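Read off the chains here:
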Amino acid sequence: MITLSLGTGAIIAIVIVALVLIVVFWFIGVMNQLRQLELKVQEAESGIDVALTKRFDMLTKMLQTTKGYAKHESETLEKVVKWRAGIPKEATLKDKEEFFNQLNQVAQGINVVVEKYPDLKANTVFMELQTAVANTEEHLQAARRLYNANVTRINTIIVTFPQSIVAKQIHMDKKPYFEAEEAKREDVKFEF
Amino acid sequence: MDDKYLNFNSQKKQAETKIIIGGSITALGIILALIGNVNQNSLMVIGIIVAVCGFIVVMIGYGAFASLKRNFKEQILRKMFEQAMPGISYDPTRGLSEGVVYETGHLKRADRYHSEDFLGGEVDGVEFISSDVKLEERHVEHTKNGTRVYYVAYFIGRIFRFEFNKEFVGSLQVLEAGSPLHRGFKKVQMESVDFNKKFRTFTTEDITAFYILTPDIMEAIHNLERRNPGRIGLSFQGDHLYVSINNNRDTFEVQLFRKIDDSMVEEFKKDLLVIKDFIMTLKLNTNLFKIKEDKK
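Rules and cut-offs
- Residues numbered from 1 in each chain as written.
- Chains lettered and ligands numbered in written order.
- Predicted model: local features only at pLDDT ≥ 70, side-chain atom pairs only at ≥ 80, totals over all residues.
- Heavy atoms only, no water.
- pLDDT = per-residue confidence, 0-100.
- Pairing = 2+ DSSP bridges.
- Helix = DSSP H or I, 4+ residues; strand = E, 2+ residues; numbered from the N terminus.
- Axes fitted to C-alpha atoms, helices over the stretch in contact; angles between N-to-C directions.
- Contact = heavy atoms within 4.5 Å.
- Core = buried A, V, L, I, M, F, W, Y, C linked by side-chain atoms within 4.5 Å.
- Buried < 20%, exposed > 50% of the residue type's maximum accessible area, 1.4 Å probe, protein only.
- Patch = residues over 30% accessible without salt bridge, like charges linked within 9 Å, V, L, I, M, F, W, Y side chains within 5 Å.
- Areas by Shrake-Rupley, 256 points an atom, 1.4 Å probe, with all protein chains shown as cover.
- Salt bridge = Lys/Arg side-chain N within 4 Å of Asp/Glu carboxyl O.
- Buried area = accessible area lost by both parts, 1.4 Å probe.

S.K.: Honestly, the confidence of the model for chain B in this entry has me stumped. Any pointers?
M.R.: Detailed reading of the predicted coordinates is not advisable wherever pLDDT falls low. The predicted model of chain B has a mean per-residue pLDDT of 90, with 96% of residues at 70 or higher. Predicted complex metrics record ipTM = 0.77 and pTM = 0.83.

S.K.: It is not clear to me how the sheet that holds strand β7 (residues 200–203) of chain B should be interpreted in this structure. Could you clarify?
M.R.: Residue and element names in this part refer to chain B. Spatially, β1-β2-β3-β4-β9-β8-β5-β7-β6 is the arrangement adopted by the 9 strands of the open sheet, whose pairing is antiparallel. Because the sheet does not close on itself, it has two edges, and the strands there are β1 (88–91) and β6 (186–188). Strand-to-strand, the axes of this sheet are offset by a mean angle of 20°, without reference to chain direction. Bridge count between strand β4 (residues 146–163) and strand β9 (residues 240–246): 7 bridges; the pairing is antiparallel. Paired with arginine 161 across the two strands is tyrosine 242, which belongs to β9. Against the sheet, helix α7 (residues 262–281) makes contact with β1, β2 (112–123), β3 (126–143), β4, β8 (231–237) and β9, and its axis sits at roughly 50° relative to β4, the strand it touches most.

S.K.: Before we go on, may I ask you to explain the nonpolar core in this structure?
M.R.: One broad trend across soluble globular proteins is that nonpolar side chains are buried collectively. Counting residues in each nonpolar core, the largest one holds 100 residues, and the members touching the most others are Leu34(A), Phe72(B), Phe81(B), Phe162(B), Leu213(B) and Leu282(B). Discounting chain neighbours no more than four positions away, the residues touching Leu34(A) are Ile154(A), Ile157(A), Ile158(A), Val166(A), Ala167(A), Ile170(A) and Met172(A). Leu107(B), Phe118(B), Leu135(B) and Tyr242(B) belong to the second largest nonpolar core, which has 13 residues in total.

S.K.: So what exactly am I meant to see when it comes to the pairing of β9(B) here?
M.R.: As a general feature of sheets, a regular strand has side chains that alternate between the two faces. All names here are of chain B. Most of β9 sits inside the fold, with 5 of its 7 residues counted as buried. When β8 meets β9, the two strands line up antiparallel, connected through 7 bridges. By the bridge assignment, glutamine 237 is partnered in β9 with histidine 240. Linking β8 back to β9 in an antiparallel pair, the connection comprises 2 residues, with glycine 238 at a positive phi of about 55°.

S.K.: I would appreciate a short explanation of a nonpolar patch on the surface in the present structure.
M.R.: All names here are of chain A. The grouping of Ile12, Ile16, Val17, Val20, Leu21, Val24, Phe25 and Ile28 at the surface amounts to a nonpolar patch, some 710 Å² of accessible area in total. Note that isoleucine 16 resides in helix α1 (residues 8–67). Classification of isoleucine 16 as partly exposed rests on a relative accessible area of 47%.

S.K.: Quick question: what am I supposed to make of the interface of chain B and chain A here?
M.R.: The extent of an interface is frequently quoted as the accessible surface area lost upon association of the parts. Contacts between the two partners involve 16 residues from chain B, matched on the other side by 12 residues from chain A. Across the interface of chain B and chain A, roughly 1300 Å² is buried in total on both sides, 63% from carbon and sulfur atoms. Taken together, chain B and chain A are joined by 3 salt bridges. Between Lys166(B) and Glu138(A) there is a salt bridge, with the nearest N and O atoms lying 2.8 Å from each other.

S.K.: When you look at unusual backbone geometry in this model, what are you seeing that I'm missing?
M.R.: Glycine aside, residues mostly have negative phi angles, and peptide bonds mostly take the trans form. Of the consecutive residues Phe161(A) and Pro162(A), the connecting peptide bond is found in the cis state with omega at 5°. Checked against the element boundaries, Pro162(A) lands in the loop between α4 (124–159) and α5 (163–169). The residue Asn248(B) is not glycine, and still its phi comes out positive at about 60°. On the secondary structure map, Asn248(B) appears in the loop between β9 and α7.

Encoded structure:
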């Protein structure tokens with residue numbers, strides 16, 4: 001029979017190693033969680049890009065259809081949008097927010113045009129586009145909410161102790177929310 | 001006085017009387033048989049005969065009551081339902097197929113299945129089907145006296161299938177209890193703390209959960225849950241929304257020892273209007289998100 005006798009020093013060393021290992025594994029666990037959540041945030045942001053592009057395309061088509069009825073108004077609305085060719089790769093979240101609000105202004109502008117030219121309501125292509133635009137708006141809102149939900153999750157970890165230590169070590173900062181400017185959307189006025 | 005129910009009430013009274021008399025005779029027979037078991041065999045035989053006779057009377061009473069319920073549904077409820085919600089049809093003898101029930105994705109396959117009170121049609125442009133469903137699980141118990149097989153109901157309630165007005169990727173389930181039966185679902189936390197407390201949301205695609213469950217719809221689901229006691233489950237699959245309400249109730253049934261009157265019929269009407277309530281509250285009649293094909 002083999003008996004192991006360990007001295008006090010050895011026991012202390014084993015405990016210290018065990019504690020260090022626990023801390024290391026915990027650190028790796030939190031770090032992985034943060035990285036995974038960061039990926040989710042990025043994925044959700046690209047979802048916003050897709051939804052914004054889709055909305056932009058739909059509104060552009062709608063403006064083209066509107067041109068036959070209200071050329072001047074349509075051209076004015078076209079100028080509201082900064083990026084005529086879609087979202088540039090280097091665009092920041094702030095830029096996208098601005099783009100989002102511009103698209104909302106265009107959508108509201110089209111509604112004003114429809115009120116002014118009721119004939120548009122009889123145009124089936126226009127009506128189908130209107131449905132498609134409403135749908136893209138829903139998709140965009142969903143993408144925005146998903147992004148913000150993921151941001152909330154990651155930010156909660158980043159600001160919560162002791163996970164905040166890991167976040168600091170890997171230089172991970174709080175992520176910005178994608179916010180729609182509700183007040184701005186409501187106050188929009190068009191003078192053609 | 002509700003004259004239109006007079007005939008039903010008198011038939012019901014007769015059936016109830018048979019059940020009471022039969023029940024009393026059965027009880028008397030059992031007592032005689034028990035006494036006979038202790039003292040004399042002949043009394044026991046008489047007791048058994050009396051009990052069997054009593055039981056037959058009870059069964060006759062139940063038979064008459066079942067037939068009355070069927071007639072009431074055919075003659076009164078069918079007409080009333082079709083007037084209350086034009087465009088629907090009611091068939092008390094038919095139910096949803098098992099396939100439709102399991103398409104919900106959160107109700108496991110039953111060992112014994114029963115469904116009745118089929119309702120179907122179109123309300124405000126939204127197609128739907130629904131019925132009462134009872135799902136039972138088989139249990140086997142081995143005792144020293146032999147094997148006992150019995151069934152336990154794990155779902156008694158209503159199931160609805162509505163045409164859904166949004167096109168989406170994957171599937172979504174919003175459940176008050178339980179979890180999806182199929183793989184690939186993950187739990188999602190919505191922004192509403194109250195909603196997350198009350199419901200568990202599972203989806204195959206995160207974006208689908210946020211696309212379908214807008215803040216308005218989450219609030220609407222909350223309101224529907226408050227108005228419909230029982231465990232509620234919503235399943236969004238393909239072109240349909242499935243709703244299950246496990247409330248331990250058999251809807252549209254006339255009850256024994258309760259007079260048939262307008263108040264009872266009003267309750268049935270209220271149960272019927274739950275369909276309309278779902279359509280309106282969940283805005284299923286909004287045609288904003290889907291270009292409908294012409295129905296021929």
